[in-house]
Amino acid sequence: MNHFYITTPLYYINDKPHLGTAYTTVLADVLNRYHRLIGYETFLMTGTDEHGQKCNQSAKQKNVPVQDYCNIMAKSFENTWKLLDISYDLFFRTTAGWHKQAVQKCLQELYDNKQIYESTYEGWYCTSEETFYTSKDLVNGKSPNGKEVTKIKETNYFFKMSAYQELLIEHIHKNPDFIQPSYRKNEILGFLKNPLEDLCISRPKSRLEWGVEIPFDPNYVTYVWVDALLNYATGVGYQQTERKEDFEKWWVKTGALHLIGKDILITHCVYWPCLLMALGIKLPKTILAHGWLLNQSQEKMSKSTGDIMDPVDLLKIYNSDNLRYFLMRGVPVGKDAPVSHDLITRCINEDLSNNLGNLLRRTSTMIHKHFDSQIPEISNNKKMEPLKNLGIQTAKSVKENISTLQPHLALEKIINLLNETNKFLEQQAPWKKIKEDKKETADILRTALEILYLSAALLKPVMPKKMDQLLKSLSCPDKWPLEYFERGDFPKAGEKIQELPPLFPKIKSEMT
Ligand code: MSP
């Protein structure tokens, strides 16, 4: 069996999830569910990044003990992902005792192998990004992402990251799919044209206590990014003797796909591989960077600008399937995309109510009315062949689009198939044909039902609840549908289709 291991970033918990973090998580879930549908054994890991100054400050502001604050916020992420039907295998929290021990083992190993040394650091620090910057990195006195920085000078521990620069460049060249899309790979190769500096991996406890203690110097905790990045390996058993098999299976043999936003490219494509090389373990298979959801002012939707959409509020208007569909259809993977109520409403109404919903309504109404709800026999009518072939082609393209990690293209193909089927119904007008040719009407409706089955199976990873209802009403399996569809196995002739409540009622614009 093939295996698929996908991760999301661990989200900071200084605030509740917003639509940007929800987008990453839904995309990971959709890619994971598609791989499961195609027949892979899969593992999806998401979670929360709970150490560091940012979290500590938020807990203080709210006057709550920091671990209690983490527990409350981690729950709010878990609850939101549940509402969005995210089917993860592990919700990872960096404050888990077993992870902290594994991080300490890594640090000790690096120290024993002389990959870590002590020195004095003087430079700029951005608390909101938990990142160090040199003067030349700053843009108008702020971080390259426009965040406030402060000057600091302190003795710290450093990881010899510079020693891995050439090896990393070589790895990127030899593995063209390592960083995707290719324009992000080029961005990293551009960054690596300048000499790579060593990485400060500690924080004195006098400044910040909330972190994993450095095992060889109890006056320090480790830099939050080192602790957080290691989750991708510790989550599947790294540095835990009792989980050696898991580590071998998921990290070594399968290889991870890290899904990230383009804002955290350097930490994932530079710091992380260098750390892994120093630890002597495999690098992830792929790092896929997506773009940003943009707010009304066409800026990154973020907690700091305040102009954010809360997924829990949106779910009260659109429901989980509709919102998941919009996020996958409206945001091409890799690119920035605007989000607004108007865009969400239009997408749902056009694709789901007018297209899929309309096909379902027309077909099922006629089957109930003229065929006693029974599914007609399989048809050999030549007129049906072009649609049938388009269905086969669509399923093949969906598989291809998923293997290249582009679910938005898969959705485009499915919507095109539904559009063509609706057009075919309009040309053939079965509602008129029923009066003169019941046999051909049955063939047309049978074909429409087969397309509905195929589309429901192909759309289920995006809309798990509604497509499950649709498949059940047609008594069809939720397995990879191509071979069944080619043979015309489903829906089974003679079975009755069950009445469904309208799956895609139009969303009224007053709501927006
Ligand atoms: N804690 C770090 C990641 C550590 S991973 C080892 C972090 N957390 S974060 O809470 O800031 O979340 C960052 C991720 O949230 C981004 O990389 C991206 O995946 C997602 N997004 C946050 N805002 C977003 C948008 N406006 N649009 C799309 N995704 C966004 O960085």
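Our structure's up above, just so we're on the same page.
Residues numbered from 1 in each chain as written. Predicted model: local features only at pLDDT ≥ 70, side-chain atom pairs only at ≥ 80, totals over all residues. Heavy atoms only, no water.

J.: Hey, could you run me through the packing of helix α13 (residues 341–370) against helix α17 (residues 438–459) in this one?
T.: Packed helix pairs are specified by the crossing angle of their axes together with the interaxial distance, meaning the distance between the axes. Remark: α13 packs on α17, axes separated minimally by 10 Å, with the N-to-C direction vectors making an angle of 140 degrees. It follows from the interaxial angle that α13 and α17 lie oblique. Crossing angle aside, the handedness with which α13 passes α17 is left-handed. Contacts from Leu356, Leu359, Leu360, Thr363, Met366, Ile367 and His370 in α13 reach Lys438, Thr441, Leu445, Ala448, Leu449, Leu452 and Leu459 in α17. (Axes fitted to C-alpha atoms, helices over the stretch in contact; angles between N-to-C directions. Helix = DSSP H or I, 4+ residues; strand = E, 2+ residues; numbered from the N terminus. Parallel < 35°, antiparallel > 145°, perpendicular 65-115°, else oblique. Left-handed = near helix turned anticlockwise from the far one by under 90°. Contact = heavy atoms within 4.5 Å.)

J.: Explanation requested: the site of the ligand in the structure shown.
T.: In the neighbourhood of the ligand, 26 residues make up the surrounding shell, with Leu10, Thr24, Asp49, Leu293 and Met301 lying closest. In the model, an oxygen atom of the ligand is placed 3.0 Å from a nitrogen or oxygen of the Tyr12 main chain. With respect to the ligand, the side chain of Asp263 contributes an N or O atom lying 3.1 Å from an oxygen atom. (Near = heavy atom within 4 Å. Polar contact = N/O pair within 3.5 Å; in protein donor to acceptor, adjacent residues only side chain to side chain.)

J.: Looking at this model, I keep getting lost on the sheet that holds strand β8 (residues 199–200). Mind explaining?
T.: Think of a sheet as strands paired side by side through backbone hydrogen bonds, with each pair either parallel or antiparallel. The strand order across the open sheet formed by 4 strands is β5-β4-β6-β8, and the pairing between neighbours is antiparallel. With one partner strand each, in any of the chains shown, β5 (131–133) and β8 form the two edges of the open sheet. Across 3 bridges, strand β4 (residues 116–126) lies against β5 in antiparallel orientation. Counterpart to Cys126 in the pairing with β5 is Thr131. (Pairing = 2+ DSSP bridges.)

J.: Even after reading the chapter, I still don't get the packing of aromatic side chains, so can you show me in this structure?
T.: The relative placement of two aromatic rings is captured by the distance of their centres and the angle of their planes. Applying the stated criterion across every chain, the model contains 25 aromatic pairs. Their ring planes at 5 degrees and their centres at 3.7 Å tell us that Tyr111 and Phe216 sit as a pair that is stacked. Here Tyr111 is found in helix α4 (residues 97–112), whereas its partner Phe216 is found in the loop between β9 (202–204) and β10 (220–222), with 105 residues between them in sequence. Note on Phe216: relative accessible area 18%, which makes it buried. When the ring centre of Trp98 is taken as reference, the NZ or CZ atom of Arg243 above it lies at 5.7 Å. It is Lys262 that lies over the ring of Trp292; its NZ or CZ is 4.3 Å from the centre. (Phe/Tyr/Trp six-rings, centres within 6.5 Å; stacked < 30°, edge-to-face > 60°. Buried < 20%, exposed > 50% of the residue type's maximum accessible area, 1.4 Å probe, protein only. Lys NZ or Arg CZ within 6 Å of the ring centre and 35° of its normal.)

J.: I tried to follow unusual backbone geometry on my own but got confused; where do I start?
T.: If a residue is not glycine, its phi is most likely negative; likewise, a peptide bond is most likely trans. Going from Gln180 to Pro181, the amide bond is cis rather than trans, its omega being -10 degrees. Position of Pro181 relative to the elements: it lies in the loop between β7 (179–180) and α6 (182–191). For the peptide bond that leads from Phe490 to Pro491, omega is -10 degrees, which places it in the cis range. Relative to the helices and strands, Pro491 is located in the segment after α19 (482–487). Notably, Leu405 is not glycine yet its phi reads approximately 60 degrees, a positive angle. We classify Leu405 as buried; its relative accessible area is 7%. For Ala429, which is not glycine, the phi torsion reads 45 degrees and is therefore positive. Residue position: Ala429 is located in the loop between α15 (407–428) and α16 (430–436).

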